[in-house]
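# Topology and contacts: notes
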Amino acid sequence: MIRILNGRTRGQHPQAIDEMFKLRKRVFHDFLKWDVQTDGDWEIDNYDKSNPLYILSYSPDTGKLRGSLRLLPTLGPNMLDDTFPILLGDNPEIRSASIWESSRFCIDPEISQDRASNQVTVAAAELMCGVGELGLASGISHIVTVTDVFLERMFRRMGCPGERIGEPHRIGSVFAVAVAWEVTPSLLSAMKAVAAIEGTVLERPMSLETARAA
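Residues numbered from 1 in each chain as written. Predicted model: local features only at pLDDT ≥ 70, side-chain atom pairs only at ≥ 80, totals over all residues. Heavy atoms only, no water.

As a further point, take the packing of aromatic side chains. Throughout the structure, instances matching the rule amount to five aromatic pairs. The interplanar angle of 75° and the centroid separation of 5.2 Å between the aromatic rings of Phe105 and Phe155 together place this pair among those described as edge-to-face. Placement of the pair is Phe105 in strand S6 (residues 99-107) and Phe155 in helix H5 (residues 149-157), with a sequence separation of 50 residues. Across this residue pair, the class does not change: Phe105 and Phe155 are buried. Taken together, the aromatic side chains of Phe21, Trp42 and Tyr54 make up a single cluster linked through ring pairs. (Phe/Tyr/Trp six-rings, centres within 6.5 Å; stacked < 30°, edge-to-face > 60°. Helix = DSSP H or I, 4+ residues; strand = E, 2+ residues; numbered from the N terminus. Buried < 20%, exposed > 50% of the residue type's maximum accessible area, 1.4 Å probe, protein only.)

Averaged over every residue, the pLDDT of the protein is 92; residues scoring 70 or more account for 97%. For the protein, the element scoring lowest by mean pLDDT is helix H3 (residues 109-112), at 79; strand S3 (residues 42-43) scores highest, at 98. (pLDDT = per-residue confidence, 0-100.)

Rendered as C-alpha cells:
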C-alpha cells in the first residue's frame, strides 16, 4: 500500500515521518556511506523544507514501512538543477510545471538483502507505480531523478528504463546519472505487470497538487 504525506503537514504524522527519515539514514548514511546531512537518527536536508511529497510503501502483511521516495516540482528547489547540474551535460536546467523530480528513493536494507524473494521488486515497483498514478492524475509529462548506475539497472528490470539526460559522473563513492521517465499509461502498466500488481496502489485517488495541499 502507498501512503502519501506532504512536508507542510508532516508534524501531523510523527510516527510515519520518523520511520521514513530513520530509514533514509540507514540506507544513505549507514549502508551506502553517502555524504548526506544527518540529524540524530534522521537523514534530512534542505529540500525537505520545500513541502515535498513523501511516497511511502508499506507491507500489506506486517504494516511495516519498506520503502520511500520524495517528490518535488522542478519549478522550485530540486537536486538535479541545484545540487547536481553537472549531470545535465549540455542540456539546460529543467524548470517546468509538467516535470517533477523524484529523489531519496530507498528500500529497507533488510528487504534488499533478502535475495530469495521478490520483495525488492514489489516494493520498488509499488513506489514507482504510486508516482505514475499521481503523475497521470496530474497531467504531468515526465519524472526526473538523480540516481546511481546500480539503481538505474534495477529500474530497467522493473519495466521502467527511462532515458539518460546526460553522461554518468563519479560523485562521492558512486557513479551518478540523471534519468527521465515519460509518464504514460503504458509505462505504468509495464511496471505493474513485472511486479504482478493489480489495481491501484494509492491509499486513495489524488493528484500531485491535491496531495501537496492536503
